[in-house]
Structure formats: structure tokens, C-alpha cells
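# Structural characterization, general
Below are the chains, spelled out letter by letter.
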4 protein chains.
Amino acid sequence: MIIQLEKNITEQQFSRLQEKLRAINYKSVKVSTQFSDYIIGVGKKEFDIRAIGTMEGISDIHRVSDAYKLVSRKWKVKQTQIDLGDDVKIGDGAFQIMAGPCSIESEEQIQSTINHLVKNGLRIMRGGVYKPRSSPYSFRGLGIEGLKLWHKYAQEAGLKIITEVMMTEQIDDMIDYVDIFQVGARNAQNFNLLDALGKVDKPVMLKRGISGTIDELLQAAEYIFSNGNERIMLCERGIRSYEKAYRNTLDINAIPILKEKTHLPVIVDPSHGIGVRKFVDSVALAGVMAGADAVIMEVHECPEKAFSDGQQTLDYEQSGTLIERLNKTVAFRKEIGLC
Amino acid sequence: MIIQLEKNITEQQFSRLQEKLRAINYKSVKVSTQFSDYIIGVGKKEFDIRAIGTMEGISDIHRVSDAYKLVSRKWKVKQTQIDLGDDVKIGDGAFQIMAGPCSIESEEQIQSTINHLVKNGLRIMRGGVYKPRSSPYSFRGLGIEGLKLWHKYAQEAGLKIITEVMMTEQIDDMIDYVDIFQVGARNAQNFNLLDALGKVDKPVMLKRGISGTIDELLQAAEYIFSNGNERIMLCERGIRSYEKAYRNTLDINAIPILKEKTHLPVIVDPSHGIGVRKFVDSVALAGVMAGADAVIMEVHECPEKAFSDGQQTLDYEQSGTLIERLNKTVAFRKEIGLC
Amino acid sequence: MIIQLEKNITEQQFSRLQEKLRAINYKSVKVSTQFSDYIIGVGKKEFDIRAIGTMEGISDIHRVSDAYKLVSRKWKVKQTQIDLGDDVKIGDGAFQIMAGPCSIESEEQIQSTINHLVKNGLRIMRGGVYKPRSSPYSFRGLGIEGLKLWHKYAQEAGLKIITEVMMTEQIDDMIDYVDIFQVGARNAQNFNLLDALGKVDKPVMLKRGISGTIDELLQAAEYIFSNGNERIMLCERGIRSYEKAYRNTLDINAIPILKEKTHLPVIVDPSHGIGVRKFVDSVALAGVMAGADAVIMEVHECPEKAFSDGQQTLDYEQSGTLIERLNKTVAFRKEIGLC
Amino acid sequence: MIIQLEKNITEQQFSRLQEKLRAINYKSVKVSTQFSDYIIGVGKKEFDIRAIGTMEGISDIHRVSDAYKLVSRKWKVKQTQIDLGDDVKIGDGAFQIMAGPCSIESEEQIQSTINHLVKNGLRIMRGGVYKPRSSPYSFRGLGIEGLKLWHKYAQEAGLKIITEVMMTEQIDDMIDYVDIFQVGARNAQNFNLLDALGKVDKPVMLKRGISGTIDELLQAAEYIFSNGNERIMLCERGIRSYEKAYRNTLDINAIPILKEKTHLPVIVDPSHGIGVRKFVDSVALAGVMAGADAVIMEVHECPEKAFSDGQQTLDYEQSGTLIERLNKTVAFRKEIGLC
């Protein structure tokens, strides 16, 4: 049960609400976000929610039976749009393509990528400065200095930055240089990190776990929301299956299902979703056709020389062609009446 | 190694070829199909294939290192087109939508479905008369009598029939009433059935196994081809994964990968691929966007009353809308330069 | 609902029963096996089963809510024991080890294997004469002639034969030479084959599908039972998972769960279950410790030269050691109070 | 390549080694643990390792081609034994059972559990004070105060404590009250946490990820080892599969395979491994039979009232019986010649 409070609810009104919930044996959690205050009530007893909905100080009340509450579309039917400023928006009809290398490698690479993005009309650049790697002996990223350098060039070019944060201690260092925090698949259930990102007023893109369920993804988002941050995006990036013909199994089904279950924007990552360069375009187009609000993809001037993920990274020519087709596909979807 | 023989190869020329293969310790299998004769050579020794390619009686020779040979695109680059007659073609640019109920239930249902299909310009009707069911106590189909009845009406309406064959003994009974034999997911590695269908001159649509790999699907097709039948289509219908939010995980990745690996047409089954009616349209459109040559989907006048699979079956209104969108999507793909 | 009929039920009594079931809107299926006659009633209405249980001609009645009925332990608490004659029994306390090569290859190999088995006190020999192979170009077995030869030697040595049947047409040819029909993982849902084996009075060992669920395995067994054959064993042989460090994932959990859900004997196949020779012993012992009634394993005089599955086949020394340990483990389980 | 350095290697000798590695284009990482100093060399060029092995200051050198190095048995054949003090050891022949509740709930519960453990001769108690929960609205543990209370009673009773650490910030607070740090399945690839635990001189038990591969588990252990902590144990706790008849699929195969690939002790968690109370004993016994060095299991005075995981938690009677059987099984394994 979600009870949305009025901005000017009095202490007395709030106390009465809490009494009421105690009376029906509901556990209640207070949630304050950038946009509103809520009480989440969790309990078993069936009762007429109007008895609370009509109390003073209450703006709205919704019954939500899912394990996740605030991210559910049962409560908020209208889709969330994330506004990054400078007219860069994601969700609720606003489409974006985020592109860039797996790892930020050098000043030269940053500049080259930015040129490619600007030339193709993109507004958001992806890249990793903290890299989760299976082996401790692999390249682990340029760290905060790489991010600062990148930020300088991105800002000049009017590009927004999305990059992965791996631990709570990094948040403060990164926050001034980041437009969207990315939570990687391996941290999809790192609940302390989710808690911490819930206390920050920057958008978060949450990747589905390596073999996470749709329900777990939504509950992970609930961690962020219930800590105070409503600006969340969800990313389908392929799941682990038995098939060995490619890297991950892009779960195309997850896209329409997420769009139905939550009001949050849904992003598709075709690069990790199939993991093979020559097929990235097909699944990217399929993902947008299935309803994704944005695409995040890996691009490099010379994929063969990339420090990581080269085999799934597009070169500029492939990327340019795909961007054009993606934009046309978004327009086509609207033409045939899909929203 | 695939050696394509000339139609008029002499016995002497053929003997010389076999000697040659014995000399390099290659096992050879003779394959005769509707269209040509081949020798499949399997062995380990590396050698210059031109030594055979230039022999008399040999039309062509290709090295194919995959476990499957004749269905590989390494041998036959041009895509196969299946011609069902009456200008109904699948593959190599020809797109089809096959629709109909999970089970053929009654004369009335047949007629109603046919009206819906004809009205929407479809040419192929799907339906089951032999139904594989998990439980022995479930409805198992109307059998051959149902097929004959269906065939009568389909023929009058100019519709082609695709239906599942479950065992070799059924082939002879069914053959006059069927345009495409379907092999179901549970029989995807029923090798005797595949052998038998290889000896029949009717197209076969082979569904991927419940958790079959792409490689197993191609090898199953190789069974049919190597027994003499080149007219094969492959169907992606969702695989089994850990996710419980839907019935099967449509493997969208499989579509571009199959198109790359084989010259055979690739069909997408969105009904089984997600298993939830309201999402069938999204994944159908995604499948076509990813490159599928055809769609096979379940339609029923009243899905709630269908004998089987009702929860994933479209009603006529949903079906009509989807057919229109699918056709537009096929045209759109060509517009943006995809083939 | 399972209604067990008395042997001498009269036609009138039977009619009355059917009327009763119709009155409560239950679909009924008559099942006659080697041992008894049953009516399986399937319906939704709740009612007092004593109203039927006390009718004349009825021996017993049980409510079974599972999708499978006759194989459920909710009906038959006592474990089934399969008696192969000559004091060779499986289940309900009787333990067996079935060993032999993946494929029957030659007279010499048959004799060598038999010597090894007899020397180690085994009573059942496994081996394939019809081999399901992913590729049509692989060795597919010696066929019926191989079986006849094998049978001659096995009979002389007092060994029972278990071998795979792949299609209904083979049953008649094989029946005189086989003691247990094996249904392979790829045919686990070949319902026509299951139907046919239900009409035969020989025990059947049913392998779990490549990625079959426990529930599907039990429903497959229900096919056999409901067609008239009560003598069924179930085999856990590993499932398909994402892990690539071995061939299949032996589902050790399935053993105690099957033992709880069904009265049928449960067999473990460690050879396919892990697929790597050096680890077969560990998982075989684990399987017996978890409650398996028998072990089926691959043994070859020279695994490196085996026509198939060599990498998971034990040599005679490994096999001898394992047989001894397995027998001791069975005794140890009883010592510590496990049944 | 692992180069073990002599304790008293001189700076000059060390420089010469580094020059040598640079000369063959190998990347080198220095690792200093509680027990020794190592250089890990990663490169592609083949060369004769004796050229380095015979240099001054070098104690030993091994070629290790796996992605993981220091945890590989290719380097260290002898099994690692973890010594917790007070004669509590794990691995290399020393067997332990760790038992306790999923969550530490109250003083009373701590005392009751300790009584049960002491009575049954156990030396290590498990329990969670920081609980990773899918939903933010679930009970998340008593935190550090709960741990301190628990530690007081455990110390009095001579019990060692194993408990989960979820983030690096918790390590300092916890370190004086913990004997083994547990890394949970959801943090199996939280590389920053692994780095931090590598800098601590307390043993770590690393759980396999929800759907982690064996290789990923070993590489995660390599993170800890290469940061300086050699005292690591690995825990098989079930993987995610398609089967719905239980919670997780205990991967019994992983036990002998891990024992082969690494010198680290291998623990089995039957509680999470199957997730159903009545089957925990079967899979625990199977796990030990397959070679596990220890068992970790959930026990509660009244599982029905446990704050979490009640459905897979044993009561004291079940636990007592299982402990006795596990101990007998360990002895039995030795009797039949398994090590």
C-alpha cells in the first residue's frame, strides 16, 4: 500500500495516520524523495483503503500487492521521464542512444568518441572508469582521474555522462562528474550500494543481474526509490543461459513486460545482450521495436584495439548506420500506432 | 566437405571420386535430394579441395567445418526460398504470416479462422490435429479426420496448411492433406522422425528444442536434408530459462545468428516465445525486425474458450492489427536498407 | 482421483460408478495394467470420496491433486519393486548397478564387458544398439543384429539387458531380446513412444529430458502407466545448465524429491550426469547416498577407443573399485538408518 | 606463471627478476600474503621457466595457464587447511559442520542455538547480522550490536563465528567479533569487497554466485589471495536453473571439480542448495560423499518462527540426527579409501 502525503501534512495528521496503520497491524515505512513523501504500508489484513484515503493530509492512496511498490505501475500509471537537463530526456516518449567505449582509455580516445557522437546527434556518452573484471590481473580502469578528464571534454561538447559506480565510497568523488550513475550486472543485488544511490539526487541506470529475474530487478529499483531517489532507469543486458553461440541471451520478452509492470524507463543494451559485433544492430533494432526507451551500446574507433569488450563493440561506420536506423525505427513505431 | 555431383555423372567418374576419398581416409555419404546429388565427406586430413573440384562429374566442392554441412551457409550463400505453389513463398525476401488455433477443434472453428485469415490476406493456416500434451489425460487432438475436414475448407479458400506430425507412422496418412509438416519442440531430436521426413517431398518446419542449442537445431535440419529433402525451415519458439515471469524466453539472438549460419528460412513463433497474449505483438514485431522470414502465431475467435494455449492466443482484433503492423514492418526494414 | 476396481467388478457395478462420475461432472479414463484395473477421474468439484469408496466393486479410492496420478506416492505409499526374474530386483530396498558401454560395438567387446560384469557380481548390462546422435554422419549403432548377438551372450552369462528403444516400430523386433526398455533423454516427451511402451509387459527406464522438469518426468511415466504398464523406473541423468566445466549438471536434488513424489524406483546416471571420467565415482557415490535405487554407468575395456562417450566412460579398474564402494555405501546407508 | 620469492630476496635480485619479465613482455603483479611473497606473471610468450627458476632470490616457479593462478592446484598440489585456533581446522582431512540460524534474532535464540551446537560437538556457529534481502521492506538483521552480543556468548562456549559481511565499511567494525567472514552469493563478484577482504588476516568463505560459474568462483578467490589473504574457503550453495520443484539446484558436480582445480577447502550448503527442509539431509550427505570438507547449514529451535529462510531450516532434532550421520559418513569415506 502506498500512501502519498500532502506536502503540508501536519504532525498531528501524520500521527493519526500512523495510529490507523498500527490499528490494522501494518508495518509502515516513511519514504521521502526529491518529489514527494510517502508511507509504504506492508501488512496482510484486507481493509477499505478509502478509510485512509479520506483522512486529512493524505494526497492519494493505492493498493499494490507486488513485492515492489513505488516502482510499480499499479500505483503510477504515467511513465516516468528522466530529465537530464539541456533538453536531454529519457522515457515517456523521449528516446536516447547512449554510446561510447567499454573503458575510457585515453584523452585521444575520449575526443575521438565525442566527435563521433556529436556528428551523429547523440547527447549521452557511456564509458567505464571503474571496471569490474573477472580476473584481478585485468585492466581495471583509469579511475577518478579518467572521469575528470572525460567530464571536461564531455561538458565542452554538451554531452551527458553515464558511467558505472562500483562501491559507495566512490559516489562522493564521482558525483560532480556524472550525469547518470550506472549499477552493473554484478552489483544488481549489492543492496548497500543501492541504498546509497537512493540518497543521491542523480539518475541511476540499474542493470539486470547476470541471471537476475525481472522481479529482482524491480525490487532492486525499489531499494533506490525507497531511499529517496525516484530517477531510475532499468536496463536489459542479456541473461545467462545454456546457449554457447553468443555471450548472453538478450531477453527481449523482458522489455514489454517491464514496460507493463513499472513506470520507469527501460533501456536495452544490445552489445552485452548478444556480445557479437556483427549482430548488435539486429538486436538493437529488435529491442527498440519491442518498446525500449533508449539504447546503450559500445562504440570504439578501432574495436580490435579496445582494452575490453572489443568483440562486441561497433566501429564508427557501423555505429553511424545503426544510429540512423534506430532513429527511423522510433519514428516508424509511432507511425504504426505503438507507444 | 560437400561435393555437388553433376546430374549426368557416370559410374566410372563416381568410382574415381570414391577412390580419391578413400585415399585421403574420408568417410563419404551420398545424399540425393529433390534438387541435386551430393557426397558429404567427413575426415580430418587437410588437403587441397581443387584436386577433387576439377575432377570430371563434379559440379562444385566446398569445405564446411561445421558439424552440419548441407544446411550451412558456408556452402550455399544464397538464401533458400520455399515455394508452396500458388505464389506462396517463404524466405529470400518472401515474407509470410502463418496463423491459426493451437488445436483444430471443430468445423465451425475451422471456417471462422479461415474467414479471418482470408480477410487479412494470409495464405497459410496453422493448427494442430495431433497434440503433444504433458499429461495423458489432456485433449490430444482430432487426428486425421480433423485434418481431412480442415483440408477441404482450406483448399476451397486457397490456404496452405501447416500442422505437426508426431511419429513416422502418421506421415503417409497426412501427406495428401498437408503443405508443411511441422516438427514440434519435443521432437526436435527425434532422429527417426527427422530421417523419415527427409524422404518426403513436402516442406518441413523444424522447431528448436525446449532447450535446444542453435547447433543442435542445425544438425537436426541436416538429418532431413541428408535424407533427401532440401525444403526445410527453422523456427525459434523460445527456450527454457530460469525466468518465471513468462512461459518461454524468446531467443531473439538466435534469429540473426541462424540467418548467418544457414541458408534456410527462419521463422519466429511469438506465441510460444513469450506465452502471454498481451505481449505477443511486441515480440512478433521484434522478431521480424531482427530478420525473421515468417511469423507463426496462434489465433482463435475466442481465446478464453480454446482447447489449449488460450493464454497466449490472440483474438481476431489483436491478430488483425498485428498482421497489418507486421506487413508494414517488413516494408520498413527494406526501406532502411536491411535485407 | 484414482479408483481401484475389484478384479471381479460386474458390469452393473461399473455402470453405476460411471453414472456417479458423470453426475459430478468428472471425466473418467479406464486404465488396465498387468496388475490391476483403475478409473482415473479428472474434475474440479470437491466431494466426499467415501461416497464412491463404499460402492460395490470398488477396492480403493484416493484423491490425487498432482497432474500425474498413478505414479504418485499420494496414492501408493509403498515403493514399487521391479522384478526382472532370476532374483534380479530393483527398488524398495533392492539395489542394482547396470554397467556397460555406450554403444555395443563388436562380439569381442560384448564378451569382454560381460566378463567384467560377472567378475564384479553385476546382473544387468547396459549398451546401445540404436544410438541417437546429434549428427547424421555419426555412428548410429549396430541395430537389431547387434542386439541379438548381445542377447545370446548375456543370456549365457545370466545377465539382464537394458537398451534404448527410439521408435515404436522397433519395439516388436526388440522385445524378445530386452529385459528393460530404455527411453532416452531426447525422447522423454515422445508421447507416442511412451504410449506404445505402456502396452508392453516389459519394464521401462525413463530418462529425464535434456532440460526436463521433475513434473514432466512424472507425467511421462504417467503416460506409460496409464497405457497399462506399471513397471517403470525413472533416471536422473543431469540437466542442461549454463555451467561449462562439465557436460551436464547432475541434479542431485531430484533424487530425494522423486523418491518423495513417486513410488517408482529412481536411478542415477553419473556418466552422463557429469560427463567427465575422473569425477564419475564421486557423483555416483553421492547419488546413492542421496537415495538412488540403482546406478547406470558406462564402462569400456578401453574408453579412449570407444565409438561414443569415451570421455565419460570408466575403464575396468575404475569400474571395479567403484562397484565395491557403491555396494559398501548401500550397506552403510542402512547402518545409519536411511531407507 | 607464479614465482614464489624467498623471504630474504634482495632488492637487486628483485630488480633482476623484473627486468627478466619485462624482457619477455610479461606483465607482473607482486602479491604479499600472510605466508609468502609472489610475483604473478601474465603474458603470452612461451619460454623455459627454468631460466627464472634458477635465479637467486626465487624459491619456486610454476606455469599456470588458468585465468586464476594462486588458487590453482596446478601450482599448489597440497590441500590448504584453515586453522581457526583452539584446534578448529577445515580442509586437508579436517571436517567441520557449521550450523546456526539464517538470522541472529535475539539473546535467547543465540543461547538456545549455542546449547544445541555444543551438545552435538560442533565448533563453528553461523548466523546473519547483516542480511541481504530482495525487498527493502524485509528484516535486514540486528547489525553490529547483534554481532557483539553473539560474540560474547560464542566465546564463552568456545564456538567460532562465521557471518556475512556485505560492504567494505563493515569490515573494521566486525573484525574483532568474527572468525570467518562470509561473502554471500549476491556479492560473489563484488570485486571491491573481495579486494578489501584480501587485506585482512581472517579467513573468508566465498559463496558461489547465484548463477556463477566454477571459473568465476575461482577468479573471485584469486582476488582475495592476490590482495594478500591466503585463507579462503569456497562454498557450493546451489545454482539457479529452470527447475521449480525446489529453490536452487545444488551443483554436486562442482564439489569434485573444485577439489581438483583448487587447493582451497570446499564447503557444501545443503540448506540453500535445495531449500526444502525435509530434503536437506539427503543432499548434505551427498555433498560430503562427493568430497566436501565442511557443511554449512541452517538450524533453528523453531523453524516456523524464524525471521527468514524458515522453510529450509532444520529443527534441533533433525539437526542432531544429521550431524551424527555426517560424522559417520566422513569416517566411512576414509574407510573405503576416499580422501
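Quick caveat: nothing in here was measured; it's all calculated off a predicted structure. (Residues numbered from 1 in each chain as written. Chains lettered and ligands numbered in written order. Predicted model: local features only at pLDDT ≥ 70, side-chain atom pairs only at ≥ 80, totals over all residues.)

## Overview of the overall build of chain A
Scanning chain A from N- to C-terminus turns up 11 helices and 14 strands. Across its three principal axes, chain A shows a C-alpha extent of roughly 65 × 45 × 40 Å. Put simply, chain A has 339 residues, and 57% of those count as buried. Considering only contacts in chain A between residues 6 or more positions apart, those separated by 24 or more positions represent 66%. (Helix = DSSP H or I, 4+ residues; strand = E, 2+ residues; numbered from the N terminus. Buried ≥ 20, exposed ≤ 12 C-beta atoms within 10 Å, placed from the backbone. Contact = placed C-beta atoms within 7 Å.)

## Focus on the sheet that holds strand E9 (residues 160-164) of chain A
Residue and element names in this part refer to chain A. With respect to topology, eight strands assemble into a closed barrel ordered E7-E8-E9-E10-E11-E12-E13-E14, the strand pairing being parallel. Sheet twist, expressed as the mean angle between neighbouring strand axes with direction ignored, is 25 degrees. In terms of strand pairing, strand E8 (residues 124-126) meets E9 through three bridges, oriented parallel. Opposite methionine 125, over in E9, you have isoleucine 161 as the bridge partner. Here helix H7 (residues 214-226) sits on the sheet in contact with strand E11 (204-207) and strand E12 (232-236), set at roughly 160 degrees to E12. (Pairing = 2+ DSSP bridges. Axes fitted to C-alpha atoms, helices over the stretch in contact; angles between N-to-C directions.)

## As for the pairing of strand E1 (residues 2-5) of chain B
All names here are of chain B. By the alternation rule, side chains of E1 split into Ile3 and Leu5, which are all buried, and Ile2 and Gln4, of which none is buried. When E1 meets strand E4 (residues 58-62), the two strands line up antiparallel, connected through four bridges. Looking at E4, one finds that isoleucine 2 is bridged to histidine 62. The sheet contact formed by E1 and strand E3 (residues 37-42) spans three bridges and is antiparallel. Paired with glutamine 4 across the two strands is tyrosine 38, which belongs to E3.

## Some points on the sheet that holds strand E4 (residues 58-62) of chain C
Residue and element names in this part refer to chain C. Pairing within the open sheet is antiparallel, and its four strands lie in the order E2-E3-E1-E4. Edge positions in the open sheet fall to strand E2 (27-32) and E4, since each of these has one partner strand only. Across this sheet, the average inter-strand angle for adjacent strands is 20 degrees, counted without regard to direction. As judged from the six bridges shared by E2 and strand E3 (residues 37-42), these two strands associate in the antiparallel manner. Across the sheet, serine 32 pairs through a bridge with aspartate 37, a residue of E3.

## Observations concerning the relation of the copies chain A and chain B
When chain A is brought onto chain B, the operation consists of a screw motion whose angular component is 180 degrees and whose axial shift is 0.0 Å, with 0.1 Å RMSD remaining. Read as a symmetry element, the transformation amounts to a two-fold axis. Of the C-alpha atoms belonging to chain A, the one lying closest to the rotation axis is found on alanine 286 of chain A, 2.1 Å away. (Least-squares fit on C-alpha atoms with pLDDT ≥ 70 in both.)

## Describing the domain arrangement of chain A
Residues and elements named next belong to chain A. Split by domain assignment, chain A resolves into domain 1 (2-62) and domain 2 (82-335). Across the contact, seven residues belong to domain 1 and six residues belong to domain 2. The leading source of residues in the side of domain 1 that touches domain 2 is strand E2 (residues 27-32), at three residues. Of the residues contributing to the side of domain 1 that touches domain 2, the split by class is four nonpolar, three polar and no charged. (Domains from an automatic or database assignment. Nonpolar A, V, L, I, M, F, W, Y, C, P; charged D, E, K, R; others polar.)

## A word on the interface of chain D and chain A
Facing 26 residues of chain D, the contacting portion of chain A comprises 26 residues. When contributions to the side of chain D that touches chain A are tallied by element, the ones reaching two or more residues are strand E3 (37-42), helix H6 (191-197) and helix H7 (214-226) of chain D. Tallying contributions element by element places H7 of chain D first for the side of chain D that touches chain A, with five residues. For the side of chain D that touches chain A, the per-class residue count stands at 12 nonpolar, 10 polar and four charged.

## Considerations on helix H4 (residues 143-157) of chain A
Residue and element names in this part refer to chain A. The first and last C-alpha atoms of H4 sit 21 Å apart over 15 residues, in line with the 21 Å expected at 1.5 Å per residue. Among all positions of H4, only Gly146, Leu147, Trp150 and Ala154 are buried. Seen from one end, H4 has its buried residues packed into an arc of 95 degrees, which puts them on one side. In H4, the exposed positions that point more than 90 degrees away from the buried face belong to Glu145 and Glu156. The inward-facing, buried residues of H4 abut helix H3 (107-119), E8, E9 and helix H5 (168-174). After H4 finishes, the residue glycine 158 shows a positive phi value of roughly 75 degrees. (Expected span 1.5 Å × (residues − 1). Arc of directions from axis to C-beta.)

## Some thoughts on the relation of the copies chain D and chain A
For the pair of chain copies, the relating transformation is a rotation about an axis with a translation along it. The two copies are related by a screw operation: chain D maps onto chain A through 180 degrees of rotation and 0.0 Å of translation along the axis, at an RMSD of 0.1 Å. By residue overlap, the copies meet face to face through one surface: 100% of the interface positions of chain D are interface positions in chain A.

## Some details on the confidence of the model for chain A
Per-residue pLDDT for chain A has a mean of 96; in total, 100% of the residues score no lower than 70. Model confidence for the complex is summarised by a pTM of 0.96, with the ipTM given as 0.95. (pLDDT = per-residue confidence, 0-100.)

## Some details on the environment of valine 268 of chain A
Residues and elements named next belong to chain A. Its place among the elements puts valine 268 in strand E13 (residues 266-268). For the pair valine 268 and arginine 237, spaced 31 residues apart in sequence, the C-alpha to C-alpha distance is 6.3 Å. Once residues within four sequence positions are removed from consideration, valine 268 is found in contact with Glu236, Ile255, Gly273, Ala284, Gly287, Ala292 and Val295.

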